[in-house]
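Chains, contacts and geometry: an overview
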Amino acid sequence: MPATPLIRLSHSWLDDGHALVAGSLFVALGMTMFAHAGLLTGGVAGVAFLVSYATGWSLALCFFVFSLPFFWLSWQRLGVAFTLKSLCAVTLVSLCTALAPQVVRFELLNPWVASVLGGFLIGFGLLALLRHQASVGGVNIVAQWLQQSRGVRAGHVQMGVDVLVVLAALAVVPPQRVLQSVVGAVAIGAILTLNHRPGRYLGV
């Protein structure tokens, strides 16, 4: 019996809009949990955390500004649609992260719980964005480009860079917080590695 051919279904603008909003909210909530617990993540967001902790500058503003240079690569290699959707996602994450302290309160949040749960939230948010041809900038753009052009799993790239950035944080945050942040980075990378593989998801 011949195998039934797989059909690639295109996403509508409504599908993409829903994913951009939901994915951005997940990432913003995960980052808010990390910030409340004194943790950080990898990539450009990790650099934004480090600068914010060291200087007191706004995490949301640092994240937005540090993400901008990577959109040149996105524009050149991943196309206009991916770049515009990613820019919308970065803007949404930055706005939601800035507004989060006014609408979300954590009276009790164990750092270990924050590292795992926040990591899963960020991972699922990134997954939603990547499956709709978007990202939150920075290393996420590089990881998506490498997966599309070289077949390297985006989750492996993201996890490797995240762990390196978090380890570099030893000069800024206590070792226990660094260890908890590594757990968070692994949680993010695991979601992407297990769920974002070439050929597994057929929506475009």
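None of these values were measured; they are calculated from a predicted model.

**Comments concerning a nonpolar patch on the surface**
Together, Val 21, Leu 25, Phe 26, Val 116, Phe 120 and Phe 124 line one region of the surface with nonpolar side chains, adding up to about 490 Å² of accessible area. Listing elements by their share of the nonpolar patch, those giving two or more residues are helix H1 (13-37) and helix H6 (111-130). Mapping Phe 120 onto the fold places it in helix H6.

**Points about the layout of surface pockets**
The space that makes up the second largest pocket amounts to roughly 180 Å³. Contributing to the lining of the second largest pocket are 13 residues, with Thr 32, Ala 35, His 36, Ala 100 and Pro 101 lying nearest its centre. Only H1, helix H3 (59-67) and helix H5 (80-103) provide two or more residues apiece to the lining of the second largest pocket. When residues of the lining of the second largest pocket are assigned to their parent elements, the largest contribution, 4 residues, is made by H5.

**Describing the packing of helix H2 (residues 43-55) against helix H8 (residues 154-168)**
Helix-helix packing: each pair is described by the crossing angle between the helix axes and the interaxial distance. Where H2 contacts H8, the two axes come as close as 9 Å, and the packing angle between them is 15°. The pairing of H2 with H8 is recorded here as roughly parallel in orientation. Where H2 crosses over H8, the handedness of that crossing is right-handed. On H8, the residues that touch Gly 43, Gly 46 and Val 47 of H2 are Val 161, Asp 162 and Val 165. Looking at side-chain class alone, the contact of H2 with H8 contains 3 nonpolar, 2 polar and 1 charged residues.

**Some details on the packing of helix H4 (residues 71-78) against H5**
Two numbers describe how H4 lies on H5: the axes approach to 7 Å, and their chain directions differ by 150°. Here H4 is positioned roughly antiparallel relative to H5, judged by the angle of their axes. Contacts between H4 and H5 pair Phe 71, Ser 74, Trp 75 and Leu 78 from the former with Val 80, Phe 82, Thr 83, Ser 86, Leu 87 and Val 90 from the latter. Split into classes, the residues belonging to the contact of H4 with H5 amount to 7 nonpolar, 3 polar and no charged.

How each quantity is defined
- The residue count restarts for each chain, going from 1 along the sequence in the order it is written.
- Local features in a predicted model are, by the rule used here, given only for residues with pLDDT of at least 70; side-chain atom pairs are given and counted only at 80 or more, and totals for whole chains, interfaces and linings are based on all residues.
- Hydrogens and water molecules were not included; the side-chain quantities draw on all heavy atoms of the structure.
- Patch members must show over 30% relative accessible area and no salt bridge, and they are joined within 9 Å when carrying like charges or within 5 Å when they are nonpolar side chains of Val, Leu, Ile, Met, Phe, Trp or Tyr.
- Using a 1.4 Å probe, the Shrake-Rupley method yields the accessible areas, and only the shown protein chains count as cover for residues.
- Take a side-chain nitrogen of Lys or Arg and a carboxyl oxygen of Asp or Glu: if they are within 4 Å of each other, that pair is a salt bridge.
- Each helix is a run of DSSP H or I of at least 4 residues and each strand a run of E of at least 2, with the numbering of both proceeding from the N terminus.
- Note on definitions: the grid is 1 Å and covers protein atoms alone; a cavity is a set of points where a 1.4 Å probe fits but cannot get out; a pocket is an open set with protein on both sides within 12 Å along at least five of seven lines; lining residues have an atom within 4 Å of a point.
- Grid points are joined across faces, edges and corners, and a volume is the space filled by probe spheres set on the points.
- Between N-to-C directions, angles span 0 to 180 degrees; the directions come from axes that are lines fitted to C-alpha atoms, helices contributing only their stretch in contact.
- Small angles under 35 degrees read as roughly parallel and large ones over 145 as roughly antiparallel, with 65 to 115 read as roughly perpendicular and the rest as oblique.
- Should the near helix be turned anticlockwise from the far one by less than a right angle, the crossing is termed left-handed; should it be turned clockwise, right-handed.
- By definition, residues are in contact when any of their heavy atoms lie within 4.5 Å.
- When residues are sorted by character, Ala, Val, Leu, Ile, Met, Phe, Trp, Tyr, Cys and Pro go into the nonpolar class, Asp, Glu, Lys and Arg into the charged class, and all the rest, Gly among them, into the polar class.

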